[in-house]
Amino acid sequence: MNDKPVRVRFAPSPTGPLHIGGVRTALYNYLFARKHGGTFILRIEDTDQNRFVPGAEEYIIEAFNWCGIDFDEGVTKGGDYGPYRQSERKEMYRQYAEQLIQSGHAYYAFDTPEELNRIRKQFEEEKKTFTYDTVQRKQLRNSLTLSEQEVTELLHNDTPYVIRFKMPEERTVVMNDEIRGRVEVNTKVLDDKILFKSDGMPTYHLANIADDHLMKVTHVIRGEEWLPSLPLHVLLYEAFGWEAPVFAHLPLLLKPDGKGKLSKRDGDRLGFPVFPLQWTDPKSGEVSRGYREDGYFPEAFINMLALLGWNPGDEREFFTLEELSEAFSLDKVSKSGARFDQDKAKWFNHHYLVGKNNEELAELFRPVLEEKNIDAGQKDIPYIVGLVKERVNFVSELWEQSCFFFSAPESYDPKTVKKRWKTNSFDQMTELKEVLAQIDDFTSENTEQTVKAWIEKNEYGMGAVMNAFRLLIVGAAKGPHLFDIIAVIGKEETLARIDRGLEILGKKETV
RNA sequence: GCACCGUUCGUCUAGCCAGGUCAGGACGCCAGGUUUUCAUCCUGGUAACACGGGUUCAAAUCCCGUACGGUGUACCA
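Computed from a predicted model, the values in this text were never measured in an experiment. (Residues numbered from 1 in each chain as written. Chains lettered and ligands numbered in written order. Predicted model: local features only at pLDDT ≥ 70, side-chain atom pairs only at ≥ 80, totals over all residues. Heavy atoms only, no water.)

Asker: Where do I start with the overall build of chain A in this structure?
Answerer: Across its full length, chain A carries 19 helices and 14 strands. In terms of C-alpha radius of gyration, chain A reaches 33 Å, well past the compact-globule figure of 24 Å for 511 residues. With 511 residues in all, chain A has 49% of them scored as buried. A separation of at least 24 residues holds for 72% of the contacts in chain A among residues at least 6 apart in sequence. When the accessible surface of chain A is split by element, carbon and sulfur atoms take 47% of a total near 25,100 Å². Taken together, the 67 basic and 83 acidic charged side chains of chain A have centroids lying 5 Å from each other. (Helix = DSSP H or I, 4+ residues; strand = E, 2+ residues; numbered from the N terminus. Rg over C-alpha atoms; globule rule 2.2 N^0.38 Å. Buried < 20%, exposed > 50% of the residue type's maximum accessible area, 1.4 Å probe, protein only. Contact = heavy atoms within 4.5 Å. Areas by Shrake-Rupley, 256 points an atom, 1.4 Å probe, with all protein chains shown as cover. Lys, Arg positive; Asp, Glu negative; His and termini not counted. Charge placed at Lys NZ, Arg CZ, Asp CG, Glu CD.)

Here you go:
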């Protein structure tokens, strides 16, 4: 560690929508920055022009907006270390690559992709794997094997070339990862990675090291898939004579079943989103669902995601972003991959939904009503939502639990009819209707008191009466306190529903 | 193939670094309770140290090996 002000970055490639694994990486970076009063940078790594997808960068920014993750520096935000889009930094990378050639840490290579592919194929046929390593580079066309004159000539003729890192032949690189501890690897199993491409752009390896250094990044927190590249990166810092940042490699997010990392396919197959926001592929028009569109609250999404691979060290489960920022620490990040669990995600959403106040929920529910062309009239939507919110995980499920407040049942659930509509139900309900008709003050408390007194007086049995009554009002065995429901729909509607139910269900004959 | 990383209830995980708790919590599931239904809620239950060696009085914890899994091995990031 060091005592410099903490600066971390999230550096996505704009090749499509941001996977939730990427969101988590960004989240951990953000939390780390907040925890240490540092700076969180958003840098766009668009050095591969072939994979650029329009809209991806905007998507990433919108996703962070939705999540509540805000960055301090970066694209659209600015800062003292810009530009923050690597394509706009293009000109500065060449000098770094050439600096490495000057210092003997890199070299020009003139092998064409076609040539290399041919060699790879050959090796494959012999059941070997080709790598451009310390051995193979001696037989290939590069500034290590060619004479100085030949190289100069090739360069002058504008022969396409790449710049490769000259991997030390045999050296043990000792690295430290904040999450995994000490990691060692020998350079003889590593290859001469391309640092600078023939199209004039750097590869990730060069660009990421140069930018992290230039942007004074102190901690690199990224996915585990980068761990195998760590030796290269450490060696690059060394070759440049720069101080390397602290590294932390996060565990992967795994698919809920089977083996392997979570992919978009898993989401489609198992029916859950893999992306924070819905995404429409600009080429194929294919639509991928998002957490936002599926009805998750950002705070539930973030809470769920934060706990996938990290824990607070105590038994707390619920965290706001602020609380996470306070509690977060890299040494509580686990080493092994975490499986995504949809049930837990829903449970978190339920928790946050119940925690919202009724007015807020009502506002979210209103569009659902409008979509169904429901005229709520004078009804107190917040009150209704409050009665049913504990029964749902999502706002979209509110209708299913409250539709009977707005319209009479269109049908009667057969199962419930079978179970609750007994031989004497018709007579009892007919009688109940008369009892209710006498009540002028149709409040929940008043109707309940009156009806219960009537039941007791006639010794009808609470269960029998109430269940049949519920069937007539709701149409099924669901819903909150029945007297609350009839108070909302009113006396007239209550009596009408009883009439209609009596007519449709009729008198059940004794068997 | 080679390299690196990993492996505690079905799932997320605590405990491991500084060996000695009936291996703790949460989701799920099951049962009971509350209730006019369903759901919520409450109570209880179910269920795990991958395997094999070692070190030690004592190992989930330290060491080695095996198995399994993951990632990487592109002029992708």
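Asker: How do you make sense of empty space enclosed by the protein when you look at a structure like this?
Answerer: Rolling a probe over the atoms, with the probe sized like a water molecule, indicates the empty space that remains. Applying the stated criterion to the full structure yields one cavity of 30 Å³ or more. Taken together, Lys-264, Gly-267, Asp-268, Phe-272, Pro-273, Val-274, Phe-275, Ser-288 and Arg-289 form the lining of the largest cavity. Class assignment for the residues of the lining of the largest cavity results in four nonpolar, two polar and three charged. (1 Å grid on protein atoms, 1.4 Å probe; cavity = no way out; pocket = protein on both sides within 12 Å on 5 of 7 lines; lining within 4 Å. Points joined across faces, edges and corners; volume = space filled by probe spheres on them. Nonpolar A, V, L, I, M, F, W, Y, C, P; charged D, E, K, R; others polar.)

Asker: I would appreciate a short explanation of the domain arrangement of chain A in the present structure.
Answerer: Interfaces are frequently sized by the accessible area removed from exposure as the parts join. Taken domain by domain, chain A comprises domain 1 (91-196), domain 2 (356-406) and domain 3 (414-505). Distance between the C-alpha centres of domain 1 and domain 2: 63 Å. (Domains from an automatic or database assignment.)

Asker: Looking at this structure, how should I read the protein's contact with RNA strand B?
Answerer: Around RNA strand B sit 62 residues in total, of which Arg-180, Lys-197, Arg-391, Gly-479 and His-481 are the nearest. The separation between a base oxygen of RNA strand B and a polar main-chain atom of Pro-480 is 3.4 Å. Mapped onto the surface near RNA strand B, the elements with two or more residues apiece are helix 4 (113-125), strand 5 (162-165), strand 7 (181-186), strand 14 (338-339), helix 11 (342-355) and helix 18 (462-474). Taken together, the residues that form the surface near RNA strand B break down as 20 nonpolar, 16 polar and 26 charged. (Near = heavy atom within 4 Å. Polar contact = N/O pair within 3.5 Å; in protein donor to acceptor, adjacent residues only side chain to side chain.)

Asker: Honestly, the nonpolar core in this entry has me stumped. Any pointers?
Answerer: Within soluble globular proteins, side chains that are nonpolar generally end up buried alongside one another. Counting residues in each nonpolar core, the largest one holds 151 residues, and the members touching the most others are Phe-301, Leu-436 and Phe-469. The element best represented in this core is helix 19 (residues 482-505), accounting for 10 residues. Residues contacting Leu-436, with those up to four places away along its chain left out, are Phe-442, Val-451, Phe-469, Ile-486, Lys-491, Thr-494, Leu-495 and Ile-498. One finds Tyr-107, Leu-116, Ile-119 and Leu-140 within the second-largest nonpolar core, a separate group that totals nine residues. (Core = buried A, V, L, I, M, F, W, Y, C linked by side-chain atoms within 4.5 Å.)

Asker: Looking at this structure, I do not really get the pattern of salt bridges. What am I missing?
Answerer: Oppositely charged side chains may form a pair once their charged atoms are brought near each other. Under the definition given, this model contains 38 salt bridges. The closest approach of N and O atoms between Arg-34 and Asp-72, which form a salt bridge, is 3.1 Å. On the criterion of sequence distance, the pair formed by Arg-34 in helix 1 (residues 20-35) and Asp-72 in the loop between helix 2 (56-67) and strand 3 (73-74) is long-range, its members being 38 residues apart. A residue is classified by how much of its surface remains accessible, and Asp-72, at 31% relative accessible area, is partly exposed. Measuring nitrogen to oxygen at the nearest pair gives 3.9 Å for the salt bridge that ties Arg-43 to Asp-211. Of this pair, Arg-43 sits in the loop between strand 2 (39-42) and helix 2 while Asp-211 sits in helix 6 (residues 204-214), placing them 168 residues apart in sequence. Of the two residues, Arg-43 and Asp-211, both sit in the buried class. Overlapping salt bridges, with partners in common, bring together Arg-9, Arg-43, Glu-45, Arg-89, Asp-211 and Asp-212 in one network. (Salt bridge = Lys/Arg side-chain N within 4 Å of Asp/Glu carboxyl O.)

Asker: Honestly, the pairing of strand 4 (residues 106-109) in this entry has me stumped. Any pointers?
Answerer: Successive side chains on a regular strand alternate, one facing one side of the sheet and the next facing the other. By the alternation rule, side chains of strand 4 split into Ala-106 and Tyr-108 and Tyr-107 and Ala-109, which are all buried. Strand direction decides the pairing type here: strand 4 and strand 5, joined by four bridges, are antiparallel. Opposite Tyr-107, over in strand 5, you have Arg-164 as the bridge partner. (Pairing = 2+ DSSP bridges.)

Asker: Where do I start with unusual backbone geometry in this structure?
Answerer: Across residues other than glycine, the phi torsion is negative in most instances, and most of the peptide bonds are trans. Looking along the chain, the bond that leaves Gly-82 and enters Pro-83 is cis, with omega of -5°. On the secondary structure map, Pro-83 appears in the loop between strand 3 and helix 3 (90-102). Even without glycine at this site, Thr-76 takes up a positive phi of about 65°. Among the secondary structure elements, Thr-76 is positioned in the loop between strand 3 and helix 3.

Asker: Please clarify how the packing of aromatic side chains should be interpreted in this entry.
Answerer: Working definition: an aromatic ring pair is given by the centre-to-centre distance plus the angle between the planes. Inspection of every chain in the model, using the stated rule, returns 30 aromatic pairs. Seen in terms of ring centroids, Tyr-59 and Trp-279 are 5.4 Å apart; in terms of plane orientation they differ by 90°. Their pairing is edge-to-face. Here Tyr-59, found in helix 2, pairs with Trp-279, found in strand 12 (residues 279-280); they are 220 residues apart in sequence, far enough to count as distant. An identical accessibility class is assigned to Tyr-59 and Trp-279; each is buried. Between Tyr-204 and Trp-226, the aromatic rings sit 4.0 Å apart at their centres with planes inclined by 20°, giving stacked as the arrangement. (Phe/Tyr/Trp six-rings, centres within 6.5 Å; stacked < 30°, edge-to-face > 60°.)

Asker: Hey, could you run me through the layout of surface pockets in this one?
Answerer: If you add up the space inside the largest pocket, you get close to 1,400 Å³. Contributing to the lining of the largest pocket are 43 residues, with Ser-13, Thr-15, His-19, Gly-22 and Glu-225 lying nearest its centre. Listed by contribution, the elements that provide at least two residues to the lining of the largest pocket are strand 1 (7-10), helix 1 and strand 9 (219-223). Here the lining of the largest pocket is composed, by residue class, of 18 nonpolar, 13 polar and 12 charged. Counted as a void, the second largest pocket has a volume near 470 Å³. If you trace the second largest pocket, you find 24 residues lining it, with Pro-113, Leu-116, Val-162, Arg-164 and Ile-194 closest to the centre. A class-by-class count of the residues in the lining of the second largest pocket yields 10 nonpolar, six polar and eight charged.

Asker: I tried to follow the sheet that holds strand 8 (residues 194-196) on my own but got confused; where do I start?
Answerer: Backbone-to-backbone hydrogen bonds join strands into a sheet, with any given pair of strands oriented parallel or antiparallel. Strand order in the open sheet formed by three strands is 4-5-8, and the pairing between neighbours is antiparallel. The sheet is open, and its two edges are formed by strand 4 and strand 8, each paired on a single side. Shown here is a sheet whose adjacent strand axes are inclined to one another by a mean of 45°, direction ignored. (Axes fitted to C-alpha atoms, helices over the stretch in contact; angles between N-to-C directions.)

Asker: Where do I start with helix 18 in this structure?
Answerer: One turn of an α-helix holds 3.6 residues; hence residues three or four places apart share an orientation. Over its 13 residues, helix 18 runs 17 Å from end to end, which matches the ideal 18 Å to within 8%, given 1.5 Å per residue. Looking at helix 18, one finds that the buried residues are Val-465, Met-466, Ala-468, Phe-469, Arg-470, Leu-471, Leu-472, Ile-473 and Val-474. The inward-facing, buried residues of helix 18 abut helix 14 (398-406), helix 15 (414-420), helix 16 (425-437), helix 17 (444-458) and helix 19. Downstream of helix 18 by a residue or two, Gly-475 has a phi angle that is positive, lying close to 90°. (Expected span 1.5 Å × (residues − 1).)

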